[in-house]
Amino acid sequence: MIRFENVTKRYRGTSRPALSAVDFEVQRGEFVFLVGASGSGKSSCLRLILREDVPTTGRVAVLGRDLRSLANRKVPYFRRHIGSVFQDFRLLPSKTVYQNVAFTLQVTGSSRGFIQQAVPEALALVGLDGKQKRMPHELSGGEQQRVAIARALVNRPQVLLADEPTGNLDPATSVDIMQLLARINAGGTTVLMATHEAAFVDQMQRRVIELRDGEMVRDEVHGGYGDTSNIPRLVPEEIRGAAAAAALTAVQEVQRQTADLSVVRAALAEELSAQRKAAAASSDAVPTASETPEAQAAPIEPPIADERPAEAPASVGPLTHPILLPQVDVAELGVADRLGLSDDGAEEVGPTS
Ligand code: ADP
Ligand code: MG
């Protein structure tokens, strides 16, 4: 499902490669922790999987596609099959919980009927059904991350990438989020999580891939975190204001999901005007769009047609590792199929490796 073949990544202007000869394969349905000190190359790996960047040498294949030969115009469609969540949540601050989750679907041109069904189901799955009308600032950090997870899942991706998803949360809330990710994985979604949180990794006893200075030093089927002595305390990445992060996310959504640009432009204009109003109304103002030149300057991919290769899905083996965390029956929520959490592979777009 995800394969790295001898992948080396050198960023321009750096002497040491960020990744050196990294080689691993993740099968469909696995839960894999990517661990290592800050700067060891975890986020670089996730960016390569999303095709936000390309290897200097070596090959990355995801969902049966060699990402080298994936045409640029097909990248947004490819990314619809991959959900991602981040340490800093990246919600649109002027939109409600419901609107934050619906935004992706509006951008991809989903029907109103589908949106009205899928958004509440995604919110129910993450335990936020009563909070659809709340604004992000009215939620706790854990709830904000749940919204981000609902947004990542609403398109029913086959893979969920999580980059330090508990990095801004207190330990108890982090456990809740960890349980949610385990449940999502139990429903069949492949999960790859980069983390510093040694306790979860030790508790879960799942597969662990460890990076040290860009080199893979461990790939263990039922691993713990390993030696934590030289891992510095996690410092959250600097966030340059909620509006900057949100605008950047909105543009990334566009690049990721592009379907109807007029919808996107209208939504962005609405978001920016709401933020300006909020800024004018409050001395505790959020930054305006003028402070996010990179977001405005980011290229927007042209729309592409929805297309699915015709080949039959590869067979799905049983989940190999037991879930150690408490489980909720996803089927009970009646949303497993809608969110791609059921075992049937009807929506599979390609071979699993
Ligand atoms: P991690 O997520 O494990 O903290 P990263 O993948 O972010 O590690 O970074 C790995 C290495 O690559 C670090 O040395 C970092 O400074 C460097 N790096 C990451 N992104 C860039 C970039 N865009 N340009 C130059 N160097 C980068
Ligand atoms: Mg990182």
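A brief structural summary. Remember, it's a predicted structure, so these values are computed and weren't measured experimentally.

## Digging into the site of ligand 1
- Neighbouring ligand 1 are the residues Y11, T14, A18, A37, S38, G39, S40, G41, K42, S43, S44 and R47.
- Side-chain polar atom of R47 to a nitrogen atom of ligand 1: 3.3 Å apart, as the coordinates give it.
- The protein chains hide 61% of the 560 Å² of surface that ligand 1 would expose on its own.

## Remarks on the pairing of strand β9 (residues 207-212)
- For β9, the buried fraction is high: five of the six residues fall into the buried class.
- When strand β3 (residues 31-35) meets β9, the two strands line up parallel, connected through four bridges. The residue bridging F33 from the neighbouring strand is V208, located in β9.
- The pairing of β9 with strand β10 (residues 215-220) spans five bridges and is antiparallel. Paired with R212 across the bridge in β10 is E215.

## Brief notes about helix α3 (residues 97-107)
- Most of α3 is tucked away: eight of the 11 residues are buried.
- Turning to α3, its buried residues number three or more, namely V97, N100, V101, A102, F103, T104, L105 and V107.
- A positive phi of about 80 degrees marks G109, the residue just after α3.

## Details of the packing of aromatic side chains
- Enumeration over the complete set of coordinates arrives at two aromatic pairs.
- Arranged with centres 4.6 Å apart and planes meeting at 15 degrees, the rings of F4 and F24 form a pair that is stacked. Placement of the pair is F4 in strand β1 (residues 2-9) and F24 in strand β2 (residues 19-26), with a sequence separation of 20 residues. There is no split in this pair, since F4 and F24 are both buried.
- Geometrically, the ring pair formed by F31 and F33 is tilted, given 5.1 Å between the ring centres and 55 degrees between the ring planes.
- According to the relative accessible area criterion, F33 is buried, its value standing at 0%.
- Above the plane of the ring of F86 lies R90, whose end atom (NZ or CZ) is 3.8 Å from the centre.

## With respect to helix α6 (residues 171-186)
- Under the 1.5 Å per step criterion, the end-to-end length of α6 is 22 Å for 16 residues, consistent within 8% with the ideal 22 Å.
- Where α6 is concerned, the buried positions are T173, S174, I177, M178, L180, L181, A182, R183, I184 and N185.
- In the core, the buried residues of α6 are packed alongside β3, α4 (112-125), α5 (141-153), β7 (159-163), β8 (190-195) and α7 (198-204).
- Where α6 begins, the capping side chain belongs to D170, and its oxygen is found 3.1 Å from the backbone nitrogen of A172.
- Downstream of α6 by a residue or two, G188 has a phi angle that is positive, lying close to 115 degrees.

## Considerations on the pattern of salt bridges
- Taken as a whole, this structure holds 12 salt bridges when the rule is applied.
- With its nearest N and O atoms 2.9 Å apart, the salt bridge here joins D88 to R90.
- Across the pair E210 and R212 runs a salt bridge whose closest N-O atoms are separated by 3.4 Å.
- Note on R212: relative accessible area 45%, which makes it partly exposed.

## Comments concerning the packing of α5 against α6
- Interaxial distance between α5 and α6 falls to 10 Å at its minimum, and their mutual angle equals 15 degrees. With respect to each other, α5 and α6 are oriented roughly parallel. Relative to α6, the crossing made by α5 is right-handed. Judged by residue contacts, G142, Q145, R146, I149 and L153 of α5 engage T173, D176, I177, L180, L181 and I184 from α6.

Rules and cut-offs
- Residues numbered from 1 in each chain as written.
- Chains lettered and ligands numbered in written order.
- Predicted model: local features only at pLDDT ≥ 70, side-chain atom pairs only at ≥ 80, totals over all residues.
- Heavy atoms only, no water.
- Near = heavy atom within 4 Å.
- Polar contact = N/O pair within 3.5 Å; in protein donor to acceptor, adjacent residues only side chain to side chain.
- Areas by Shrake-Rupley, 256 points an atom, 1.4 Å probe, with all protein chains shown as cover.
- Buried < 20%, exposed > 50% of the residue type's maximum accessible area, 1.4 Å probe, protein only.
- Helix = DSSP H or I, 4+ residues; strand = E, 2+ residues; numbered from the N terminus.
- Pairing = 2+ DSSP bridges.
- Phe/Tyr/Trp six-rings, centres within 6.5 Å; stacked < 30°, edge-to-face > 60°.
- Lys NZ or Arg CZ within 6 Å of the ring centre and 35° of its normal.
- Expected span 1.5 Å × (residues − 1).
- Contact = heavy atoms within 4.5 Å.
- Salt bridge = Lys/Arg side-chain N within 4 Å of Asp/Glu carboxyl O.
- Axes fitted to C-alpha atoms, helices over the stretch in contact; angles between N-to-C directions.
- Parallel < 35°, antiparallel > 145°, perpendicular 65-115°, else oblique.
- Left-handed = near helix turned anticlockwise from the far one by under 90°.

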